[in-house]
Amino acid sequence: MDSLVVNGLGKCYILERESEGKGSRSFLKWLRSPLGGGDSESNTREFWALKDVSFRVEPGTILGVIGPNGAGKTTLLKILARVIMPTTGRVVGVGRVVSLLELGAGFDPDLPARDNILMNAAILGVSRHEAQRQIPEILEFAEVEQFINSPLRHYSSGMYLRLAFSVAIHMNPQILLADEILAVGDIAFQERCQQKVAEMGKAGLTVLFVSHDMDAILRTCNRVMWLHQGEIRRLGDPEDVVDEYQNAIWSQADIATSERGRRSNRLAEILSVRLVSASGKDIGGAPASEDVYVKIRFRTTKINLTVKCALDLSTKAQIIFRASDDTPRPLEEQGDYEALVRIPKNLLAELSYSVTVSCIFKRQNEDKEHPLVVYNALAFLAYATFVPDASPTARRLEKVGVLAPRLEWIVRKEEPVARV
Amino acid sequence: MLAFKRLLGLGGAVPAEGELDQSREKWVIEPVHVGVVARAKEFWRYRRILWFFAGRRIKERYESTTLGKFWLFARPLMPMFVSTVVFGNMLKMPSDGFPYFLFFLAGNSCWRIFDRSLFWSARSFDQNRALLKKVYFPRLIAPVSSVAPAVTEFGVLLGLLLAATVYYLVTDGKFYLRLSPALLLAPLAIVMVLFLAIATGLWMSVFVARHKDFQFSIRYFTQFWHYLTPVLYPLSAVPTTYELTKLHLTVNPRMLMQLNPLTAPVQLYKWALLGAGEFPGLTLVSSLAIMLIVFASGVWFFTRAEGASVDRL
C-alpha cells in the first residue's frame, strides 16, 4: 500500500537569454507566450530542474531528501504541494497534503494567532468547524496560549516557527512536506517536532523532509533520497545513502558551504574539534609566531578500524587548502582518540579562519568508507605577536592575501658569469 | 470528445496506480490543464480564503500611509470635486436635468469600481507573489480577491451619494433618490460592472505577469475606455447620426457606444438610482452576452496560463 506514487516527474524551465531584443516581429509569439506555447527559438534554453523522478512512499515513511543546492529538492516539494505544475509525469496520492515550504508563508502578520489558524485551515481545505476544534491544541503545542490575541508581527521568530509547525501537524495531514523546517528553532522544540513526526509516522503519516543537516536527517528519517541535478542518485537506507552522499560532496569542496555534515555514524562519533597550543591547552586564537594544533577528538564504537583525517582551512568563504593525512591510521580498540594536525607558525595572516574537518572511517577488512564531516567545526582568529613597524615602508609592505607565510629571502651580489 | 471533456473538467476517474489506500480521498497531479468546471468547483470549496485575502488587500492598501484611513475617503473623493467643477460648472455638461455633481457621482462610482477592480486584479500575480510561490490555493482567488479595495471605495462613494441626496433635499427641496422597485436594479448594475472588471482582469493579470509592459499600457487603455462610457456626460448627449463627409458615410455614434459592454450597466445604474436617462433595454442583453464571453474565455485563459505565470514570478 502506498500513500504517494510519483511517476516520471519532470520540471522544465525555459530560460530566456537576455541578449535577444524583443522585436515587434515576435509580437504574436509574445502574446501567445502566457499560454506556455513551446517556442523552440534559439533565444531560450531549457533547464530541467527535475528529470524523470519516480518513487513510491508507504504510509509511515519519513523520507529525507538530500542533495546539493540546485539538485531539485525544493522543486520536487513544490510540485507535490501544487505550487508549481510539473512538465512531465504524474503524481497520485491519498489524503490531505500539508506543506511547510517556508516558515509561516500563509500567515498574515497583522492578524492574531486565531485568525491565522482559521486562514491556514481555509487554505488547506480544512473546514471551519474542524479548525476551531483544534485551536486550543495548536496553541498549546506551539506554547503561545498567552499571546492568542496579539498580532503575529509581535511574535518572535521562534514563536512564529512553533505556530507554523503546530498548525501544520494539527490539520490532520496524511502527507507532510517540510523544507528544512524540522532543523531550525531551538533544540527542545526541534526534539518535540521530531518526536511528534515520529509518533504521527507510526499512525500512518508520510513525511518528505528536505534538509542539508545530515544529523537531523539521520535522526528523523527512515528512508533517504539523494537528488543530484534533478535525478534520483540513490534511494534507500538513511545510513548508506548519507554515507555515500558525504563521500561524494566531500570531493567537491565548493558545494560544502551550504551543507551541515554529520558527526556520528555506526562506527564512530566526532566529539569535538578544538584549537590547542603546543602544550595542549585550548586556545581561541592562533598567535602567528607559534605552532598551533587542530585537535579532533572522536570515539569509536567498533574495533579494528582505520581513520584518515583531513582538514579544510578557509577564510572569506573560500577554501585555502585541504590538508589530508596520507596514511590510514589503525584504531585497534574501541574508545576515545584524538587526532592532531599542526599548523606551522608564520603561515597565517591576521584574519579569521574556519576549519572543516572530515574523518573517513573504515573497517580494516572492508573497502566501504564511512565519512564524518563537520562543516565549519571551528573558527578562530590568527594574530600577530610582534609590534608592527609604523614606518611608511613597512605599511606599504603590509601583508595582503589570505596567508602570510614567512619565507626565506636571499639577497646577494651576483657572481660574474663567464660569457661564452 | 475526450479533449472537450477535459476542457470542461469532466475527465474520467483516476486510473488505478499502485496500491493506494482506498479509504481516503485520492488526488492526482499531472501536467495537464485542469478544466474550467473543475476550477470553478475548487474555487467554491476554497471560497473562505477569499474573505481573508480581501481583508488583507484592503488593509495593506492603507496601512503604510501616515494618514491611513483618510486616504480611503480622499482618493475617490478628490477627483470627484475637481471633475464636477471642470465639467459641470465650467463646461456646463448636460446631465439629464440633475445636479451635475449627483449625476456624475452616480456614473463615476460605477466607473471607479470598474477601473480600480481592473487595475488591482491585473496586478494580482505580483501582489500575491510571496503566497503564490509558497502555498497552493486556487489561483483564481488572487485576481478575484484583489477587487476588494475597489469595492470599499465604491462604498465610500455610495455614502457620499446618499449624503448628497440629503443635501439637495435640504437646499433644493427635491429628493433625487428614486424610491421605487426599480432601485433594486442598482445593485444588479454594480454586480455586472464588477463582473466585467474581473473578467477583463483575468485576461490582463496573465499578460501583466508575463510582460510588465501591460501594467503601463492598462492605464491608457482604461482612460480611453472611460471616455467611451457615459460617465462624464449622459448617453442622450451623444448624437445618433454623424456624417463622415470624406467617406460619404453616416454612422450612429450612440449605437457604437452601446457596443461598449460597460455602457448599459452604467446607464442602468443611473436610471435605477436616480431615474436619470432611459432604461438601457436590449443593450443590457448584448452587454451581458459580451460579459459572459469575456468572463468564460478569461477563466479558460487564466487557468491555462496560471502555471506558467507562477513559474515566472
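The rules we used
- Residues numbered from 1 in each chain as written.
- Chains lettered and ligands numbered in written order.
- Predicted model: local features only at pLDDT ≥ 70, side-chain atom pairs only at ≥ 80, totals over all residues.
- Heavy atoms only, no water.
- Contact = heavy atoms within 4.5 Å.
- Buried area = accessible area lost by both parts, 1.4 Å probe.
- Salt bridge = Lys/Arg side-chain N within 4 Å of Asp/Glu carboxyl O.
- Polar contact = N/O pair within 3.5 Å; in protein donor to acceptor, adjacent residues only side chain to side chain.
- Helix = DSSP H or I, 4+ residues; strand = E, 2+ residues; numbered from the N terminus.
- Nonpolar A, V, L, I, M, F, W, Y, C, P; charged D, E, K, R; others polar.
- Pairing = 2+ DSSP bridges.
- Expected span 1.5 Å × (residues − 1).
- Bend = angle between axes of the 7 residues up to and from the residue.
- Domains from an automatic or database assignment.
- Axes fitted to C-alpha atoms, helices over the stretch in contact; angles between N-to-C directions.
- Parallel < 35°, antiparallel > 145°, perpendicular 65-115°, else oblique.
- Left-handed = near helix turned anticlockwise from the far one by under 90°.

**Thoughts on the interface of chain B and chain A**
Facing 45 residues of chain B, the contacting portion of chain A comprises 56 residues. For the chain B and chain A pair, buried surface summed over both sides reaches about 4700 Å², with 58% attributable to carbon and sulfur atoms. Its largest share of buried area at the contact with chain A, chain B owes to W27, I29 and K134 of chain B, together 17% of the area lost on that side. Counting the contacts that link chain B with chain A gives 4 salt bridges. Taken together, the links from chain B to chain A amount to 12 residue pairs in polar contact (both at pLDDT 80 or more). Those elements that provide at least two residues to the side of chain B that touches chain A are β1 (26-29), α3 (47-62), α7 (129-132), α10 (185-210), α11 (213-227) and α14 (282-312) of chain B. For the side of chain B that touches chain A, the leading source of residues is α14 of chain B, giving 7 residues. Split by residue class, the side of chain B that touches chain A holds 23 nonpolar, 3 polar and 19 charged. By the bridge criterion, 4 bridges tie strand β4 (residues 88-94) of chain A to β1 of chain B in an arrangement that is antiparallel. Each bridged residue has a counterpart across the sheet, and for V94 of chain A the counterpart in β1 of chain B is K26 of chain B.

**Some thoughts on α14 of chain B**
The terminal C-alpha atoms of α14 of chain B lie 43 Å apart, and with 31 residues this matches the ideal 45 Å at 1.5 Å per residue to within 8%. For α14 of chain B, the principal kink sits at E306 of chain B and spans about 45°.

**A few points about the domain arrangement of chain A**
Residue and element names in this part refer to chain A. Taken as a whole, chain A is organised into domain 1 (4-250) and domain 2 (256-383). Note that E239 and R266 form a salt bridge whose closest N and O atoms lie 3.7 Å from each other. Counting residues per element, the ones that place at least two in the side of domain 1 that touches domain 2 are α7 (214-220) and α8 (238-250). It is α8 that provides the largest number of residues to the side of domain 1 that touches domain 2, a total of 9 residues. Of the residues contributing to the side of domain 1 that touches domain 2, the split by class is 8 nonpolar, 5 polar and 6 charged.

**Concerning the packing of helix α5 (residues 100-122) of chain B against helix α13 (residues 263-274) of chain B**
All names here are of chain B. In contact at an axis separation of 9 Å, α5 and α13 are set at 135° when each is read in the N-to-C sense. Put simply, α5 runs oblique to α13. Helix-helix and strand crossings are classified by hand; for α5 and α13 the assignment is right-handed. Taken together, the residues of α13 that come into contact with α5 (itself represented by L102, F103, A106, G107, S109 and C110) are V266, Y269, K270, L273 and L274. Taken together, the residues of the contact of α5 with α13 sort by class into 8 nonpolar, 2 polar and 1 charged.

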